Amino acid sequence: DMHPAAAEGFEYDLCVLGAGSGGVRAARISGLYGARVIVAESDRVGGTCVIRGCVPKKLYVYASRFCDAFEDAKGFGWTVSGAAFDFSKLKHAKDKELERLEGLYKQGMAKAKVELVPQRATVTGPTTVSLADGRSITAKHILVATGSQPVRPAVPGIELADVSDDIFNWEALPASLVIVGAGYIGVEFANVFVKLGVKVTMVMRRETVLPKFDEELRTQLTDAMRAAGIDFRTKAEVRSLEKTPDGLRVTTTAGEEIIAEKVVFAVGRTPNTAGLGLEAIGVELDKEGGIVVDEYSRTNVPSIYAVGDVTNRVQLTPAAIREGHAFADTVFGGLSVPAAIPPVPPAASPSPQRGPVGITEA
């Protein structure tokens, strides 16, 4: 059973670290080109987007929109009586949908004859990888697609707080919630939970939400969120968190105290490169820990490539998929496809939705 790199003494043509959007696409397309591929993933298959990002978030956004729809219906002659919301039903329906999607990802890789190992892997050399169970693998090419994770800032009491990953494990809605950070993720969750009846307070450094968007959009959206009942504490950051009999006490740099049942930090994401063994073999990282790559997603170690959030380029699912596909085309498809990502229209999913594209005022 010869595969392309077998003659050179490699067990695999490609070893992929991480089965998220980028890793799965790269593995599947490489497999279809005839490469022998192994993928190591210590968590669920599907990555941030499918398991703890866009997909479950979208389902929660849809759930939250019925609140306004029932209200609007009255003006159009409908009598909507007895509408009641059960969060645990939504949560379990979401879990079922994620299981279905995870199954499809696994199926897609199996069809391309990709081998999946459910454990963490570290890079031990330019062409060697070590699995958590101690097994060592040789591969002609290594692709790091380990993604990113939410930042947990070094604030006293941070262990009491949640991040976006944790939200999708909640079995019940909190009565009150503090969201720290007003980027995409904070804004989306604030809008979801206020519509589902949670008392939401946002702690943020600026006066308006979504710092990367144009002024007018930001002001309109901030006003709409205020009107929806979100309490803004602006020009402030969190100084500390403490557990009290009444809930979590958040103390801000403005000297305010807020008590809430849950606190979620949504202050950005950071590349997952810690403990992968990359520095030891000389792979160049940027100051945030992102892997530095060229337009073909290649690192400064010629046999090692990286795609997706871990490269700190564009932290968006379609970018990872594009990069993963371009990698497979280039390395195994005999094509030369740079992973050039054009200007991407960002879309934040609060209600009302916002999605600018092109040249900003800034």
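Rules behind the numbers
- Residues numbered from 1 in each chain as written.
- Predicted model: local features only at pLDDT ≥ 70, side-chain atom pairs only at ≥ 80, totals over all residues.
- Heavy atoms only, no water.
- Helix = DSSP H or I, 4+ residues; strand = E, 2+ residues; numbered from the N terminus.
- Rg over C-alpha atoms; globule rule 2.2 N^0.38 Å.
- Contact = heavy atoms within 4.5 Å.
- Lys, Arg positive; Asp, Glu negative; His and termini not counted.
- Charge placed at Lys NZ, Arg CZ, Asp CG, Glu CD.
- Phe/Tyr/Trp six-rings, centres within 6.5 Å; stacked < 30°, edge-to-face > 60°.
- Buried < 20%, exposed > 50% of the residue type's maximum accessible area, 1.4 Å probe, protein only.
- Expected span 1.5 Å × (residues − 1).
- Arc of directions from axis to C-beta.
- Axes fitted to C-alpha atoms, helices over the stretch in contact; angles between N-to-C directions.
- Left-handed = near helix turned anticlockwise from the far one by under 90°.
- Nonpolar A, V, L, I, M, F, W, Y, C, P; charged D, E, K, R; others polar.
- Polar contact = N/O pair within 3.5 Å; in protein donor to acceptor, adjacent residues only side chain to side chain.
- Salt bridge = Lys/Arg side-chain N within 4 Å of Asp/Glu carboxyl O.
- Pairing = 2+ DSSP bridges.

*Asks:* Got a minute to help me understand the overall build of the protein in this structure?
*Replies:* Of regular secondary structure, the protein possesses 8 helices and 17 strands. In terms of overall size, the protein behaves like a compact globule, its C-alpha atoms giving a radius of gyration of 22 Å where 362 residues would be expected to give roughly 21 Å. Sequence separation of 24 or more characterises 61% of the internal contacts of the protein that already satisfy a separation of 6 or more. The average position of the 40 basic charges and that of the 44 acidic charges among the side chains of the protein differ by 3 Å.

*Asks:* Help me out: how do you make sense of the packing of aromatic side chains in this one?
*Replies:* Describing an aromatic ring pair means giving the distance of the ring centres and the angle of the ring planes. All told, the structure shown has 10 aromatic pairs when counted by the stated rule. The interplanar angle of 20 degrees and the centroid separation of 6.1 Å between the aromatic rings of Phe 189 and Phe 193 together place this pair among those described as stacked. Of this pair, Phe 189 and Phe 193 both sit in helix H6 (residues 184–195), 4 residues apart, which is roughly one turn of that helix. We classify Phe 189 as buried; its relative accessible area is 5%. Among the aromatic residues, those joined into a ring-pair cluster are Tyr 60, Phe 85, Phe 87, Phe 168, Trp 170, Phe 189 and Phe 193.

*Asks:* Honestly, helix H7 (residues 215–227) in this entry has me stumped. Any pointers?
*Replies:* The periodicity of an α-helix, 3.6 residues per turn, causes residues three or four places apart in sequence to face the same way. The terminal C-alpha atoms of H7, which comprises 13 residues, lie 18 Å apart, in line with the 18 Å expected from a rise of 1.5 Å per residue. All buried positions along H7 are accounted for by Arg 218, Leu 221, Thr 222 and Met 225. Seen from one end, H7 has its buried residues packed into an arc of 105 degrees, which puts them on one side. Looking at H7, the residues exposed on the side facing more than 90 degrees away from the buried face are Glu 216 and Ala 227. Where the residues of H7 are buried, they touch H6, strand E10 (199–203) and strand E11 (231–233). Immediately downstream of H7, the backbone of Gly 229 shows phi near 105 degrees, a positive value.

*Asks:* Even after reading the chapter, I still don't get unusual backbone geometry, so can you show me in this structure?
*Replies:* Where the residue is not glycine, phi is negative for most of them; where a peptide bond is considered, it is trans in most cases. A positive phi angle is found at Lys 113, which is not glycine, with a value near 60 degrees. Structurally, Lys 113 is set in the loop between helix H4 (87–111) and strand E3 (115–117). Overall, the relative accessible area of 73% leaves Lys 113 in the exposed class.

*Asks:* Quick question: what am I supposed to make of the packing of helix H3 (residues 54–74) against H4 here?
*Replies:* Between two packed helices, both the angle of their axes relative to each other and the distance between the axes serve to describe the pair. Look at H3 against H4: their axes get within 10 Å of each other, and the N-to-C directions meet at 145 degrees. When the axes of H3 and H4 are compared, the crossing they make is right-handed. Counted together, Val 55, Pro 56, Leu 59, Tyr 60 and Ala 63 of H3 and Phe 87, Leu 90, Lys 91, Lys 94, Glu 97, Leu 98 and Leu 101 of H4 form the full contact between these two elements. Looking at the contact of H3 with H4, its residues break down into 9 nonpolar, no polar and 3 charged.

*Asks:* What exactly am I supposed to notice about the side chain of Ser 303 here?
*Replies:* Relative to the elements of secondary structure, Ser 303 occurs in the loop between strand E16 (269–271) and strand E17 (304–306). Assessed through its relative accessible area of 13%, Ser 303 is described here as buried. There is a polar contact of 2.7 Å between the side chain of Ser 303 and the backbone oxygen of Pro 126. In this structure, Ser 303 is in contact with Pro 126, Thr 127, Lys 140, His 141 and Ile 142, ignoring residues within four places of it in sequence.

*Asks:* What is the right way to read the pattern of salt bridges from this model?
*Replies:* Side chains carrying opposite charge are able to pair once their charged atoms draw close together. Following the criterion strictly, the structure yields 22 salt bridges and no others. The shortest N-O distance in the salt bridge between Glu 207 and Lys 235 comes to 3.5 Å. In this pair, Glu 207 sits in the loop between E10 and H7 while Lys 235 sits in the loop between E11 and strand E12 (238–244), placing the two residues 28 residues apart along the sequence. Here Glu 207 falls in the partly exposed class, since its relative accessible area comes to 43%. Residue Glu 242 is joined to Arg 249 by a salt bridge in which the shortest nitrogen-to-oxygen separation is 3.6 Å. Here Arg 249 falls in the partly exposed class, since its relative accessible area comes to 26%.

*Asks:* Is there a simple way to think about the sheet that holds strand E15 (residues 262–265) in this case?
*Replies:* Backbone hydrogen bonds hold the strands of a sheet together, and the pairing may be parallel or antiparallel. An order of E8-E15-E9-E10-E11 is seen for the 5 strands of this open sheet, with the pairing classed as parallel. The sheet terminates laterally at strand E8 (162–163) and E11, the two strands that pair on one side only. Relative to E10, strand E9 (residues 176–180) runs parallel, the two being bridged by 5 bridges. Looking across to E10, one finds that Val 180 is bridged to Val 203. Of the strands in this sheet, E9 and E10 touch H6, which is tilted by about 160 degrees from E10.

*Asks:* Help me understand the pairing of strand E14 (residues 257–260) in this model?
*Replies:* Two faces make up the sheet, and in a regular strand the side chains alternate between them. Side chains Ile 258 and Ala 260 of E14 all project onto a buried face; the interleaved residues Glu 257 and Ile 259 project onto a face where none is buried. The loop that links strand E13 (residues 247–252) with its antiparallel partner E14 comprises 4 residues; one of these, Gly 255, has a positive phi angle of about 85 degrees.

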